[in-house]
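Coordinate analysis (summary)
For reference, the chains in residue letters:
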Amino acid sequence: MSSDLSALFNNAKKVALVSVPVKEEEPVEQEEEEQEQEEEVVERPKKKARIERKYEDPSIANAQTVFVGNVPSGCTQKELKRLFSKYGTVDSIRLRNIVPLNPKRGNRLAFIKKEFHPLQKTITAFVRFADESQAKKATSLNGELYKEHHLRVDMAQNQNEGAKHDNKRSIFIGNLPFDASDDDVWKTFEECGEIESVRLVRDRATSVGKGFGYVLFQDEASVALALRMDGNCQVGHRQIRIKAARVKPVIPPKKYRRQNKKFNSTNFDPSDGTDGVQQGRIEKRPAVKLRKEKQKKKKKQHAVKTNNSRKDVIQLKKKT
C-alpha cells in the first residue's frame, strides 16, 4: 500500500504546469471609431410631400352647395347623402352648429359620441353637388317632412349674400318659448296656408332660441289669416305676438348746408381782383346782428357799480 502511494507522488512531481498563453484583444483606438462613425450615413425619414390644393373661386363653390336647416341632431352624413343623392352626385357634406355637452371636447367628438346640448334638437348642414343644376334641383326638398322635421333647403349663395326677404308674404312672431322648435311653429300656422319656410333666431354659442322668428308663406292671402290669430294663439306655454314683417326704413342722405350767396360762383366778378374770395372777416347775418345788439343792451342795463358780493350792499344801476 505504501509503495503505491510513493509511486503516485513521484509521478505527480514530474507533471509540469503548462500555462497556455491567452491572446488579448487589441484595444480599438478612438480615432478609428470616430472615422467609422463619420463614414456611416444615417438615413433620415423623408418628409411627407404637401398636397398642393388648387385655388377655387368661392362663388363657384357656393353655387354648387345647398344649405339644409332644421336637420335632426341624430342624423348622420350617410343618411343625408342617401337623401340627396337622387338629385345628383354628392361631393361632400358638412355638419355645422353643433353645441357639445362638454365644450372642452370639441364639436367633432361630440357628434361622434352623440353628446349634444340637452336643449339642442336640430343642426344645419351644407351639401355640395358636382354641378350647379343638380343643386338647384335639390331645393325642391324644401318643406319636406324628414324624421318629423320640416327641412329648410335653400342655395348657400342666398344665405351668404343675405337674399332679400319677401315681407309681403311673411309675418313676425314674438314672445316664443326659448325651447320652441321650427316644427312647433309650423304646426301652429299650417292652417293659414302653405308655408315655405320657418326661421327662428338662435344664439350661436348655445343654439337656444331668442324668443322671436319669421314665417314665410307661399301666398300673400295667408298673411291676413295669420294676423287674425294675434292674441288667441299659443306656442308651448306662451301666448305669442303676431305682426306683419316690416321693411327697414331707408335713411335719407344727410342734407348739406346751403352755401352763402355772397360766395356763389354766379356772383364772381373778375374785375374785383379778389379772385372770388372776400377779404377780411365774414359779415354776420342781420338776424344775428340784432340778437347780439339786444344782448349788449341788457348787459348795460344790469351793470353793477360795486365790487362787493354781500347781499346787504345796495346795488346801483349805471346812469345812462
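Described below are features of the structure shown in this document.

Calculation notes
- Residues numbered from 1 in each chain as written.
- Predicted model: local features only at pLDDT ≥ 70, side-chain atom pairs only at ≥ 80, totals over all residues.
- Heavy atoms only, no water.
- Patch = residues over 30% accessible without salt bridge, like charges linked within 9 Å, V, L, I, M, F, W, Y side chains within 5 Å.
- Areas by Shrake-Rupley, 256 points an atom, 1.4 Å probe, with all protein chains shown as cover.
- Salt bridge = Lys/Arg side-chain N within 4 Å of Asp/Glu carboxyl O.
- Lys, Arg positive; Asp, Glu negative; His and termini not counted.
- Charge placed at Lys NZ, Arg CZ, Asp CG, Glu CD.
- Helix = DSSP H or I, 4+ residues; strand = E, 2+ residues; numbered from the N terminus.
- Pairing = 2+ DSSP bridges.
- Axes fitted to C-alpha atoms, helices over the stretch in contact; angles between N-to-C directions.
- Contact = heavy atoms within 4.5 Å.
- Buried < 20%, exposed > 50% of the residue type's maximum accessible area, 1.4 Å probe, protein only.
- 1 Å grid on protein atoms, 1.4 Å probe; cavity = no way out; pocket = protein on both sides within 12 Å on 5 of 7 lines; lining within 4 Å.
- Points joined across faces, edges and corners; volume = space filled by probe spheres on them.
- Nonpolar A, V, L, I, M, F, W, Y, C, P; charged D, E, K, R; others polar.
- Domains from an automatic or database assignment.
- Phe/Tyr/Trp six-rings, centres within 6.5 Å; stacked < 30°, edge-to-face > 60°.

1. Points about a positive patch on the surface
Together, Arg 285, Arg 291, Lys 292, Lys 294, Lys 296, Lys 297, Lys 298, Lys 299 and Lys 300 make up a region of like positive charge exposed at the surface. Looking at where Lys 297 falls in the secondary structure, it is placed in helix H10 (residues 286–301).

2. Some details on the sheet that holds strand E3 (residues 122–129)
The strand order across the open sheet formed by four strands is E2-E3-E1-E6, and the pairing between neighbours is antiparallel. This sheet does not close on itself; its edge strands, each paired only once, are strand E2 (90–96) and strand E6 (152–155). The sheet shows a mean angle of 20 degrees between the axes of neighbouring strands, direction not considered. Direction of pairing for E2 relative to E3: antiparallel, over a ladder of six bridges. From the neighbouring strand, Ser 92 faces E3, where its bridge partner is Arg 128.

3. So, the sheet that holds strand E7 (residues 170–174)
The pairing of strands in a sheet comes from backbone hydrogen bonds and takes either a parallel or an antiparallel form. If you trace the four strands from one edge of the open sheet to the other, you get E8-E9-E7-E12, paired in antiparallel fashion. Strands at the two margins of the open sheet, each flanked by one partner only, are strand E8 (195–202) and strand E12 (241–244). Strand-to-strand twist of the sheet, defined as the mean angle between neighbouring strand axes without regard to direction, takes the value 20 degrees. As paired elements, E8 and strand E9 (residues 209–217) share six bridges and run antiparallel to each other. When the bridges of E9 are listed, Leu 200 appears paired with Gly 213. Along the sheet, helix H8 (residues 182–189) makes contact with E7, E8, E9 and E12, crossing E8 at roughly 140 degrees.

4. Describing unusual backbone geometry
The phi dihedral of Asn 70 falls on the positive side, at around 60 degrees, and the residue is not glycine. Among the structural elements, Asn 70 can be located in strand E1 (residues 65–72). Exposure remark for Asn 70: the relative accessible area of 6% places this residue in the buried category. Even without a glycine there, the phi angle at Asn 175 is positive, about 60 degrees. Here Asn 175 lies in the loop between E7 and H8. On the basis of relative accessible area, Asn 175 is assigned to the partly exposed category, the value being 31%.

5. Points about empty space enclosed by the protein
For the structure on display, the rule yields two cavities of 30 Å³ or more. Among the residues making up the lining of the largest cavity, the classes are represented as four nonpolar, five polar and three charged. The two domains that each donate at least three residues to the lining of the largest cavity are domain 1 (57–162) and domain 2 (165–249). Forming the walls of the second largest cavity are Leu 176, Pro 177, Phe 178, Ala 180, Leu 200, Val 201, Gly 209, Lys 210, Gly 211 and Phe 212. Listing elements by their share of the lining of the second largest cavity, those giving two or more residues are E8 and E9. The element contributing the most residues to the lining of the second largest cavity is E9, with four residues. Looking at the lining of the second largest cavity, its residues break down into seven nonpolar, two polar and one charged.

6. Some thoughts on the packing of aromatic side chains
Summed over the entire model, instances satisfying the criterion amount to four aromatic pairs. Measuring from ring centre to ring centre gives 6.5 Å for Phe 84 and Phe 129, while their planes differ by 65 degrees; the resulting arrangement is edge-to-face. Linking Phe 84 in helix H4 (residues 77–84) with Phe 129 in strand E3, this pair joins segments that are 45 residues apart in sequence. Both residues of the pair, Phe 84 and Phe 129, belong to the buried class.

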